Amino acid sequence: MLDLPAPTQLAVPAFVLLVLIEMIYGWKTGRSRFEGKDTFTSLIMGLGSTISGALTAALSVGLGYWVWQNFAIFDMGAALWVFVLAFILDDFTYYWVHRMGHRMRWMWAAHVIHHSSQHYNLSTALRQTWTGKFTPGLLFSMPLYVLGIEPAIVFFVSGMNLIYQFWIHTEAIDKMPRWFEYLFNTPSHHRVHHANNPRYLDANYAGVLMVWDRMFGSFIPEEKEEACRYGLVTDLGTFNPLRVATHEWVGIFKDVWSAKTWKDRALFLLAPPGWTPDGSRMTSDMIRQAWLERKKAQKPSNTAASEAVVPAE
Amino acid sequence: MDFVQIGGSLAAIVILALIARWLYPNKAELTEDRVIRNVARYCPDTELDARADKTYLSQDNKNAIFVFGQARFGIATATALGDRVVVRHYADTSEVDFRLENGKLSLVTDDFTQPSFTVALGEDDVSNLLSAVNDTTAKDANHAHA
């Protein structure tokens, strides 16, 4: 078993320092915004995620090595090109895990934590799940092991991918050079991903390479005329980390418990967030459709006074 | 991860949160305009009616109940959470249990993400609000029976 460092753990001091720098920069320039309790919750979620990750590591490591040792087609070794290939394939895998994390409620229950802040700053990057290992997301890396890439290499490049994603959680950077915006995930692209404006829902799932969103039709650019408003479609009314970590699991449990048929029970887990048998709640597709219809009808609706275009007061 | 790392991380978290609180103090309170803007944002398919809608703002300016002039839209609640506002909409007010204790009105709902909601209102406001909500519920019931 290759002995590689855990990049995200090594990067923690740099994360702390950069959050502090952004905080001071935002205070001086007004280009970033923080809130004490929100920052505390984001950082506690990050610490909890690290602890839960350490506690459940045996699951992903054990499963990964079992698949690699028993089903690998090739012996890829550990040359530099294998790391490069692993990085690209892991980024492709990340795209699909992330996309499913928004489109399947079971996976959303874990990922929703990362979107639960109404702020968008470097501390939001650290607001991570405690329950990611209890979703089908774990299975998405299996093809890489079957191909013959050693799990330790996948864990390493996956950590590098997450480190890349840290710096894009900021409002302090407007746009990068055009070529960079085309190829890579940037603060602008990722602001769209975190926005709850109907126009921006379920877009820009990329980790590092933006090519996946462009290829699979999920790319939406940030528009100057509509500022991003961050958070969930229905924002949380609490900063309590335990409620933040578990609220969607509780919601699923209630829905599955009260469902009338096995089909409904399955769909409460597998259908997109917001799905109900009677359509009494709204999925992101329904929200976007309603927005498009309002726009088409040019109805002088409440959007005139809406905060959808005024992200912060 | 060992206990020293966890302890160090906790200390760093507390320090960063305190610095954030110091550099970015919360000055904005909930106002009637802010409530209306946020209700409009959260409930884009409702119709606001400045003459008939009524906002009941808590005395501490942290919570508010918004009663739609058109009964079919029910009520909305707004809460100042940090420097942001969180809104909930109850078109069917029978989902909400109103409890009056020590002059404070609590709204009890089956909402795990908003564990408590209490407004301190003047006596007149409480009675007007409950009357408006009862009126809304009665109209809903009439619709249901029509």
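Predicted model, so just to flag it, every value in this text is computed and none were measured.

A. Summary view of the sheet that holds strand E4 (residues 84-90) of chain B. Residues and elements named next belong to chain B. On the basis of which strands lie adjacent, the open sheet formed by 4 strands has the order E1-E2-E3-E4 and antiparallel pairing. Each end of this open sheet is capped by a strand with a single partner; those strands are strand E1 (54-57) and E4. For this sheet, the mean inter-axis angle between neighbouring strands, taken without regard to orientation, is 20 degrees. Here 5 bridges tie strand E2 (residues 63-67) to strand E3 (residues 75-81), and the two strands are oriented antiparallel to one another. Paired with valine 67 across the strands is isoleucine 75, a residue of E3. Packed onto the sheet, helix H2 (residues 32-42) meets E1, E2, E3 and E4 and runs at close to 60 degrees relative to E4.

B. Just helix H3 (residues 57-71) of chain A, in detail. All names here are of chain A. Along its 15 residues, H3 runs 21 Å from first to last C-alpha, staying within 8% of the 21 Å computed at 1.5 Å per residue. Taken as a whole, H3 has its buried residues at Ser60, Gly64, Tyr65 and Val67. Buried positions in H3, seen along its axis, are confined to an arc of 160 degrees and lie on one side of it. Structural note: H3 exposes Ala58 and Gln69 on the side pointing more than 90 degrees away from its buried face. Buried residues in H3 make contact with helix H7 (142-147) and helix H8 (151-166).

C. Representation of the pattern of salt bridges in the model. Under the definition given, this model contains 19 salt bridges over all chains. Put simply, A:Asp174 and A:Lys224 hold a salt bridge, and the shortest N to O gap is 3.5 Å. Here A:Lys224 lies in the loop between helix H11 (211-216) and helix H12 (241-258) and A:Asp174 lies in the loop between H8 and helix H9 (178-183), a separation of 50 residues in the sequence. Note on A:Lys224: relative accessible area 71%, which makes it exposed. Here A:Lys254 and B:Asp110 are joined by a salt bridge, their closest N and O atoms 2.8 Å apart. Here A:Lys254, found in helix H12, pairs with B:Asp110, found in the loop between strand E6 (104-108) and strand E7 (118-120), and the two come from separate chains. Residue B:Asp110 is classed as exposed on the basis of its relative accessible area, which comes to 63%. Where salt bridges share partners, they join A:Arg103, A:Asp202, A:Asp285 and A:Arg288 into one cluster.

D. Broad picture of helix H1 (residues 3-23) of chain B. Counted at 1.5 Å a residue, the expected span for H1(B) with its 21 residues is 30 Å, and the 30 Å between its end C-alpha atoms agrees. Those residues of H1(B) lying buried are B:Ile6, B:Ser9, B:Ile13, B:Leu16, B:Ala17, B:Ala20 and B:Leu23. The buried residues of H1(B) occupy an angular sector of 130 degrees when the element is viewed end-on, so they sit on one face. Seen from the open side of H1(B), the exposed residues pointing more than 90 degrees away from its buried face are B:Phe3, B:Val4, B:Leu18, B:Arg21 and B:Trp22. In the core, the buried residues of H1(B) are packed alongside helix H1 (7-29) and helix H2 (36-55) of chain A. Looking at where H1(B) begins, the residue whose side-chain oxygen comes 3.1 Å from the main-chain nitrogen of B:Val4 is B:Asp2.

E. Quick peek at the nonpolar core. Among the nonpolar cores identified, the biggest contains 18 residues, and A:Val19, A:Met23, A:Phe34, A:Leu126 and A:Phe166 are the most heavily contacted of them. Mapped by element, the contributors of at least two residues to this core are H1, H2 and helix H6 (122-125) of chain A together with H1 of chain B. For this core, the element with the most residues is H1(B), which contributes 5 residues. Ignoring sequence-local partners within four residues, the contact set of A:Leu126 consists of A:Phe15, A:Val19, A:Ser42, A:Leu43, A:Met45, A:Gly46 and A:Phe166.

Cut-offs applied
- Here the residue numbering is sequential within each chain, running from 1 through the sequence in written order.
- For this description, chains carry letters from A and ligands carry numbers from 1, given in the order in which they are written.
- Note on the predicted model: pLDDT of at least 70 is required for a residue's local features to be given, and 80 or more for side-chain atom pairs to be given and counted; whole-chain, interface and lining totals, by contrast, use all residues.
- With hydrogens and water set aside, each side-chain value is computed from the structure's full complement of heavy atoms.
- When DSSP finds at least two bridges between two strands, those strands are taken to pair.
- Segments assigned H or I by DSSP are reported as helices when at least four residues long, segments assigned E as strands when at least two residues long, and all are numbered from the N terminus.
- Interaxial angles span 0 to 180 degrees and are taken between N-to-C directions of axes, which are lines fitted to C-alpha atoms, for helices over the stretch in contact.
- In this description, contact between two residues means that some pair of their heavy atoms is separated by no more than 4.5 Å.
- The span expected for a helix works out to 1.5 Å for each residue beyond the first.
- Accessibility here uses a 1.4 Å probe with only protein chains present; expressed as a share of the type maximum, an area under 20% marks a residue as buried, one over 50% as exposed, and anything in between as partly exposed.
- Note that the arc is computed from the directions linking the helix axis to the C-beta atoms.
- Salt bridges are defined as contacts in which a side-chain nitrogen from Lys or Arg sits within 4 Å of a carboxyl oxygen from Asp or Glu.
- Under this definition, polar contacts are N or O atom pairs within 3.5 Å; protein pairs additionally need one hydrogen-donor-capable and one acceptor-capable atom, and for neighbouring residues in sequence, both atoms have to be side-chain atoms.
- Take the buried Ala, Val, Leu, Ile, Met, Phe, Trp, Tyr and Cys residues and link them wherever side-chain atoms come within 4.5 Å; each set so joined is a nonpolar core.

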